[in-house]
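Each chain, written out:
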Amino acid sequence: MGGSDTAEANFEIDRADISKVGLEYTSTTDVAETAVPFLLRTFASRGIVRPLAESPIHLIGHSRGGSVVSELAQSLGRRGIWVDQLTTIDPHPVRRDPDVSVQKNIRFADNYYQKNDVIDGSSAAGAHNIKLDFDNLGHTETHAYYQGTINTAAKDDGDGADIDPDWYTDATSGPRGEVGYVWSRLGAGERPADGLPSAGRDAWEVTNTGLDAWDDISISNHNAPVSLRVGQSTFAKIVFRDVSRDAALTVALDSDSNPYDGGFAHGSVTMENHAVVHEGRWTARVRTDGVTPGVYHMVAKITNGRRTRYYYAPGAITVTSGVMAIAAERSTPFAAARAIGTPTHNGDAELLEAGRMNGDLLS
């Protein structure tokens, strides 16, 4: 993980041996509970020296796999873990499998389904739903549709299913480069509002406590590229959940998107959440004094000493030397940007009251 610019890892659940539908039926809940410990452990022999759950998680499941990843997201939620994205493709539970449930610990959910085949999928409440209404697109082809949004030049999914360009001509299922994978963190596209958290989503309860609880953190701004000069400051709008109210929060600029390779220090700002809030917001001012010109990413970290999570904002931050025009990522005042907790006042930290800020840059 330390040798990569992104520390990304793909985790595939091969449920064939335990996912039965006959007399030896195994529910998708049981499959998920079998899989979740592998996200919470280390595997040094395979180069995974930190738990995969420390980084943002994107869960994708097709057919019964849609129910599996939904149950997996719920299991992670009980441990305090937010899931960055839940993608379900023609979800088709069988027997006692639970339907897809989009809980409040999911930052974005998207669902793709069809009603043209004997085996069909269904819509999912709380997700951005796309109904694939094409005569040549059945249950098998739904994952080919999504594959076609990952590689927009692909003619097949590499597994025997052709990708029809006409699938992406409908107003809701296309254009091809503007749906599907583009809404992932790597795609960095603007996510549809109906797939974002809302009051109508299913509630979630954290059952882990103390050091066994996973706290969580995200950055609500810096979703688009921004440029600033050495010496200018920028703001990071932090949303966090501290289960036991004992976490330390850190915001910094990183020269890549890997928190494990030693580049996690530029403009660092820290706040201790001393039993103040369970869920809160913190607006941190990150300075660029002494930062080497280059391209950086805003990173946030939360830790209780045993469990740690990271979040990288998708928008790149280009730091330049000399005078230049600033193309700021503008935003409305962050209504909840109030002082929370006790920051370390070392000249690098500043908490802001609501309304004092009308942009993300400060000279």
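Criteria and cut-off values
- Residues numbered from 1 in each chain as written.
- Predicted model: local features only at pLDDT ≥ 70, side-chain atom pairs only at ≥ 80, totals over all residues.
- Heavy atoms only, no water.
- Axes fitted to C-alpha atoms, helices over the stretch in contact; angles between N-to-C directions.
- Helix = DSSP H or I, 4+ residues; strand = E, 2+ residues; numbered from the N terminus.
- Parallel < 35°, antiparallel > 145°, perpendicular 65-115°, else oblique.
- Left-handed = near helix turned anticlockwise from the far one by under 90°.
- Contact = heavy atoms within 4.5 Å.
- Nonpolar A, V, L, I, M, F, W, Y, C, P; charged D, E, K, R; others polar.
- Core = buried A, V, L, I, M, F, W, Y, C linked by side-chain atoms within 4.5 Å.
- Buried < 20%, exposed > 50% of the residue type's maximum accessible area, 1.4 Å probe, protein only.
- Phe/Tyr/Trp six-rings, centres within 6.5 Å; stacked < 30°, edge-to-face > 60°.
- Lys NZ or Arg CZ within 6 Å of the ring centre and 35° of its normal.
- 1 Å grid on protein atoms, 1.4 Å probe; cavity = no way out; pocket = protein on both sides within 12 Å on 5 of 7 lines; lining within 4 Å.
- Points joined across faces, edges and corners; volume = space filled by probe spheres on them.
- Lys, Arg positive; Asp, Glu negative; His and termini not counted.
- Salt bridge = Lys/Arg side-chain N within 4 Å of Asp/Glu carboxyl O.
- Polar contact = N/O pair within 3.5 Å; in protein donor to acceptor, adjacent residues only side chain to side chain.
- Arc of directions from axis to C-beta.
- Pairing = 2+ DSSP bridges.
- pLDDT = per-residue confidence, 0-100.

1. Quick look at the packing of helix α1 (residues 28-35) against helix α3 (residues 64-78)
Where α1 contacts α3, the axes come no closer than 8 Å and their chain directions differ by 55°. Looking at the two axes, α1 sits oblique to α3. The crossing of α1 and α3 is right-handed. Here α1 contributes Thr 28, Thr 29, Val 31, Ala 32 and Glu 33 to the contact with α3, which in turn contributes Arg 64, Ser 67, Val 68, Glu 71, Leu 72, Ser 75 and Arg 78. A breakdown of the residues in the contact of α1 with α3 according to their chemical character gives four nonpolar, four polar and four charged.

2. Points about the nonpolar core
Formed by 25 residues in total, the largest nonpolar core has its most connected members in Ile 217, Ile 238, Phe 240, Leu 249, Val 251, Trp 282 and Met 298. Elements represented by at least two residues in this core include exactly β5 (216-219), β6 (226-229), β7 (233-241), β8 (248-254), β9 (264-272), β10 (279-287), β11 (294-303) and β12 (308-320). Of all hydrophobic cores here, the second largest spans 24 residues; its members include Phe 43, Leu 59, Ile 81 and Trp 214.

3. Structural notes on the packing of aromatic side chains
Overall, the coordinates contain six aromatic pairs when judged by the stated rule. Between Phe 38 and Phe 43 the ring centres are 5.9 Å apart and the planes differ by 10°, which places this aromatic pair in the stacked class. Feature note: the residues Tyr 112, Tyr 145, Tyr 146 and Tyr 168 constitute an aromatic cluster, connected by ring pairs. Lying over the aromatic face of Phe 38, Arg 41 brings its terminal NZ or CZ to 5.4 Å of the ring centre. Over the ring of Tyr 311 we find Arg 185; its NZ or CZ atom is 4.7 Å from the centre of that ring.

4. Examining the layout of surface pockets
Of the pockets and cavities examined, the second largest pocket occupies roughly 1100 Å³. Considering the residues around the second largest pocket, the lining is formed by 33 residues, among which Arg 107, Leu 196, Pro 197, Ser 218 and Ser 220 are closest to the centre. Elements represented by at least two residues in the lining of the second largest pocket include exactly β5, β7, β10 and β12. For the lining of the second largest pocket, the element with the highest residue contribution is β7, accounting for four residues. Classifying every residue of the lining of the second largest pocket gives 14 nonpolar, eight polar and 11 charged.

5. Section: the environment of Glu 279
Inspection of the secondary structure assignment puts Glu 279 in strand β10. As a C-alpha pair, Glu 279 and Ile 217 span 62 residues in sequence and 9.8 Å in three-dimensional space. If we ignore the near neighbours within four places in the chain, the residues touching Glu 279 are Phe 240 and Arg 241.

6. Re the side chain of Asp 164
Tracing the sequence through the fold places Asp 164 in the loop between α4 (141-150) and β5. Summary of buried charges: Asp 164 has no salt-bridge partner, and the nearest side chain of opposite charge, Arg 176, is 8.0 Å away. A polar contact of 2.8 Å, which involves the side chain of Asp 164, links it to the side chain of Asn 136.

7. Structural notes on α1
Residues of α1 that are buried include every one of Thr 28, Val 31, Ala 32 and Ala 35, and no others. Relative to the axis of α1, the buried residues are bounded by an arc of 100° and lie together on one face. Residues of α1 that are buried make contact with α2 (37-40) and α3.

8. A closer look at the sheet that holds strand β2 (residues 85-89)
Taken in spatial order, the four strands of this open sheet run β1-β2-β3-β4, and their pairing is parallel. Looking at strand neighbours, the two that pair on one side only are β1 (58-62) and β4 (128-131), the edges of this open sheet. Between one strand axis and the next, the sheet turns through 10° on average, direction left out of account. Sheet topology note: the β1/β2 ladder contains five bridges and is parallel. Bridge pairing in β2 places His 62 opposite Ile 89. Contacting β1 and β2, α3 crosses the sheet at an angle of about 150° to β1.

9. Some remarks on the confidence of the model for the protein
Of all residues in the protein, 78% have pLDDT values of 70 or greater, and the mean over the chain is 80. Averaged pLDDT values for the elements of the protein fall to 35 in strand β13 (residues 342-343) and rise to 97 in strand β3 (residues 109-113). Segment residues 324-363 is flagged for pLDDT under 50; beyond a separation of four residues in sequence, or across chains, it makes 102 contacts in the model.

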